[in-house]
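Remarks on the overall topology
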Amino acid sequence: TPAVGLVEFRNVTFGYPGAERPVLDNVSFTAEPGKTTAIVGSTGAGKTSLINLIPRLYDPQQGEVLIDGVPVSSLTRAQVSSVVGLVSQKPYLFSGTIASNLRFGRASATDDDLWEALRVAQGEDFVRNKAKGLDDPISQGGTNVSGGQRQRLCIARALVAKPRVYLFDDSFSALDVSTDARLREALGEVTGDATVIIVAQRVSSITDADQILVVDDGVIVGRGTHEELVERNETYRQIVES
Ligand code: TTP
Ligand code: MG
């Protein structure tokens, strides 16, 4: 049966190999298809560690991460990758062209698919202004494009793959506020019934999320909508005010 993309953490505890204490402690939540789940928390709180468990970059020591009720530990990384699209906090481009980087997740994508993804990712103008457009060269690590352009290309790459689960790890931080807003609006139109999980530094990016999880020192200390959390969660209020 085709994946729906329901993501579930059940009592997940995780520590890096060799570390003394876990970075995530008994984390449980559900991220539903068609909804946006945002994760906020101070630097070092464990946000990246948390979402990296979904595509199995690491496996938890205790508890389980499930997609559509199936433990990801029973799937290969390739199987998980066909369902989950991760835009990592340090977006990475390969040496090649803009097109080859965007097609990384789906070789069969047409040029129209690539332009559509670039439109949503707010990268269309920048690629159109390149001498060779989609065929413009990218150097190893993407050092010949700016941080914000690299971020947009990596967002576009995730969109081209059309996963059931989108994971954006602080992917909008290098964008100015108005580009960020345009991108998220366009994103909302194309992600449709997929599951979207957004880690955000800028709370203004996620105030309209269906569910916000507040992570502090590896523990979920609050969950709710923006309005609910402003009302009753001190950690969230501190993040909003910072
Ligand atoms: P992160 O999960 O990277 O914390 P974060 O994503 O919330 O922080 P930021 O907002 O700055 O992106 O780190 C949590 C702890 O885990 C921190 O003490 C560093 C440690 N860590 C490792 O030891 N190895 C790793 O690969 C990562 C990603 C984190
Ligand atoms: Mg992080």
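Below, the discussion takes up the confidence of the model for the protein chain. Parts of the prediction with low pLDDT should not have their coordinates interpreted in detail. Averaged over all residues, the pLDDT of the protein chain is 94; the fraction at 70 or higher stands at 99%. At the level of chain-chain contacts, confidence expressed as ipTM amounts to 0.98, with global pTM at 0.95.

So, about the domain arrangement of the protein chain. Per the domain assignment, the segments of the protein chain are domain 1 (1-83 + 163-242) and domain 2 (91-162). For domain 1 versus domain 2, the distance between C-alpha centres works out to 24 Å. Across the contact, 16 residues belong to domain 1 and 14 residues belong to domain 2. At the boundary of domain 1 and domain 2, one finds 0 salt bridges.

Moving on: the side chain of E8. Relative to the helices and strands, E8 is located in strand 1 (residues 7-14). A polar contact of 2.9 Å, which involves the side chain of E8, links it to the side chain of R10. The residues touching E8, leaving out its near neighbours within four places in the chain, are F29, T30, E64, V65 and L66.

Parameters at a glance
- Residues numbered from 1 in each chain as written.
- Chains lettered and ligands numbered in written order.
- Predicted model: local features only at pLDDT ≥ 70, side-chain atom pairs only at ≥ 80, totals over all residues.
- Heavy atoms only, no water.
- pLDDT = per-residue confidence, 0-100.
- Domains from an automatic or database assignment.
- Contact = heavy atoms within 4.5 Å.
- Salt bridge = Lys/Arg side-chain N within 4 Å of Asp/Glu carboxyl O.
- Helix = DSSP H or I, 4+ residues; strand = E, 2+ residues; numbered from the N terminus.
- Polar contact = N/O pair within 3.5 Å; in protein donor to acceptor, adjacent residues only side chain to side chain.

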